[in-house]
Amino acid sequence: MDFSFSEEESLFRENLRNFLQRELRPLVGKIDREGIPREFVKKASSLGIWAMTASQDVGGQGAGFLLSTIAAEEIARADFSMATAVYFLLESGWGYVLDRYGSKSLREAVLPRVTSGDWFLGVASTEPSGGSDVAGIKTLATRKDGRFVLNGQKIYISGVLEAYNWGGGHLTLAKTSPEAGHRGISMFFVPTSTQGIEVSKIENMGRMGISTGIMRYVNAEIPEGNLVGELNRGFYYAMDGFNHARVLVAGACIGAAEAILEMGLEYVKQREVFSTKLKDFEAIAFEAAELKTRLEMAKLLNYKAAWMMDREPNSDETAMLAAMSKLTAPQVAFDITKAVMMWMGAYGYSKDAMVEMGFRGIVSYLVGAEGAMNVMKLIISRRLFKD
């Protein structure tokens, strides 16, 4: 058993952290107010971090999920509002799916533009009638003269404006054989610029730097070649994507929590009340000790899940570990952020402290992004009681 990172992984983390602390951390407040600057996305592409899981022949690094988890941690550590981390994990998680299941022509048409930072790539599965119930989607895709025609609606979709304004689109789930249930769902790459797509924005409480919105498909036609993989196999591709994305989500929550805890510890070392440093009050010192311990536990669980993703991506144990990571990391990150805000008092409640950005962003992963907490428990319990 070896808990050390390889020389390549350690060097990657060091170089990425240095770049992000220099180029991303100073932008955090601006990102929360105005969005992720496209200039940063283009500059960061020189490090090869966008869709880094994609194969080298389409511009990716062919990176595994342990290396990608390190990147998710470092990005959220620099931008703990979570906006840039969301951008990253969508590119990596769904870039992996498109690279694995997409045709050669589709991969070559889309992924080089994503890895270069020119295009955005996301996923569109959630609908107004349900989020985690992917099998219950109602959007339809019908074949017509060598094309597919989409009708329906997606909601709470990340990156709708980025894809619309910058270029790109989403891996979109639609029913192609409605009578077959989850076995009748297909996946398509749907450019947001497609005629017949209407886009509108939803105002969320957090992750303000990346848009969330609604996409309506009214006789939106896409080429037959935009089908990802086989007809009626989209549900299984999506489940594979969500399993992988959950590991990155957990990594991002851990990175943000680590940065915020460090800010909190520095604050209590300096702040005096009643002629005593806050760090010398047992209530705060013991709480800090507990939170640091829980953070380390979440981190080790996440690293194991990422390690398993690179070795046995389709095993039940790997899927369970991914769900465990997604169940654990957001809650630990939330508890750390809440505690740090309370240590800081009124200052922690202000925009000046910037901790509240992390608080708002992390909550999104508690309420359901990439799978609700109770869905994670359902995944874990089903595997516990299998057979």
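Model, not experiment: these values are computed from the prediction.

Asker: Tell me about empty space enclosed by the protein, and name the residues and values.
Answerer: On inspection of all chains with the given rule, the structure shows one cavity of 30 Å³ or more. When its volume is computed, the largest cavity comes out at roughly 60 Å³. As for the largest cavity, its lining consists of K201, I202, E203, N204, G206, R207, M208, I210, S211 and T212. In the lining of the largest cavity, the residues fall into three nonpolar, four polar and three charged.

Asker: Break down helix α12 (residues 355–367) for me, citing the residues and quoting the values.
Answerer: Across its 13 residues, α12 extends 19 Å between first and last C-alpha, which sits within 8% of the 18 Å expected from 1.5 Å per residue. Of all 13 residues in α12, 11 are buried, a share of seventy percent or more. Restricting attention to buried positions, one finds in α12 the residues V355, E356, M357, G358, R360, G361, I362, V363, S364, Y365 and L366. Each element contacted by the buried residues of α12 is listed here: α2 (28–34), α5 (83–101), α8 (234–270), α10 (316–344) and α13 (373–384). Where α12 ends, the next residue or the one after it, G368, has phi of about 150°, a positive value.

Asker: So what's going on with the packing of helix α1 (residues 7–23) against helix α4 (residues 65–78)? Residues and values would help.
Answerer: What describes two packed helices is the angle between their axes and the distance between those same axes. Viewed as axis vectors pointing N to C, α1 and α4 meet at an angle of 25°, and their least axial separation amounts to 10 Å. When the axes of α1 and α4 are compared, the pair comes out roughly parallel. Viewed along their axes, α1 and α4 form a crossing whose handedness is right-handed. Along the contact surface, α1 presents E8, E9, F12, R13, L16, R17, L20 and Q21, while α4 presents L66, L67, I70, A71, E73, E74, I75, R77 and A78. Residues that form the contact of α1 with α4 fall into these classes: nine nonpolar, one polar and seven charged.

Asker: Any details on the pattern of salt bridges? Residues and values, ideally.
Answerer: Pairs can form between side chains of opposite charge whenever their charged atoms are close. All told, the structure shown has 24 salt bridges when counted by the stated rule. Between E74 and R13 there is a salt bridge, and its shortest N-O distance comes to 2.8 Å. A residue pair is termed long-range when its members are at least 10 positions apart, and E74 in helix α4 and R13 in helix α1 qualify at 61 residues. As far as burial versus exposure is concerned, E74 and R13 are alike and both buried. Where K42 meets D118, a salt bridge forms, and the shortest distance between an N and an O atom there is 2.4 Å. Here D118 lies in the loop between α6 (104–115) and β1 (120–124) and K42 lies in helix α3 (residues 38–44), a separation of 76 residues in the sequence. Exposure remark for K42: the relative accessible area of 37% places this residue in the partly exposed category.

Asker: Would you mind going over α10 in detail, with residue names and values included?
Answerer: For α10, which comprises 29 residues, the first-to-last C-alpha distance of 43 Å matches the rise-based estimate of 42 Å (1.5 Å per residue) to within 8%. Of all the 29 residues making up α10, 21 are buried; the element is thus mostly covered by neighbouring parts of the structure. Within two residues after α10, G345 carries a phi angle of roughly 65°, on the positive side.

Conventions used here
- Residues numbered from 1 in each chain as written.
- Predicted model: local features only at pLDDT ≥ 70, side-chain atom pairs only at ≥ 80, totals over all residues.
- Heavy atoms only, no water.
- 1 Å grid on protein atoms, 1.4 Å probe; cavity = no way out; pocket = protein on both sides within 12 Å on 5 of 7 lines; lining within 4 Å.
- Points joined across faces, edges and corners; volume = space filled by probe spheres on them.
- Nonpolar A, V, L, I, M, F, W, Y, C, P; charged D, E, K, R; others polar.
- Helix = DSSP H or I, 4+ residues; strand = E, 2+ residues; numbered from the N terminus.
- Expected span 1.5 Å × (residues − 1).
- Buried < 20%, exposed > 50% of the residue type's maximum accessible area, 1.4 Å probe, protein only.
- Contact = heavy atoms within 4.5 Å.
- Axes fitted to C-alpha atoms, helices over the stretch in contact; angles between N-to-C directions.
- Parallel < 35°, antiparallel > 145°, perpendicular 65-115°, else oblique.
- Left-handed = near helix turned anticlockwise from the far one by under 90°.
- Salt bridge = Lys/Arg side-chain N within 4 Å of Asp/Glu carboxyl O.

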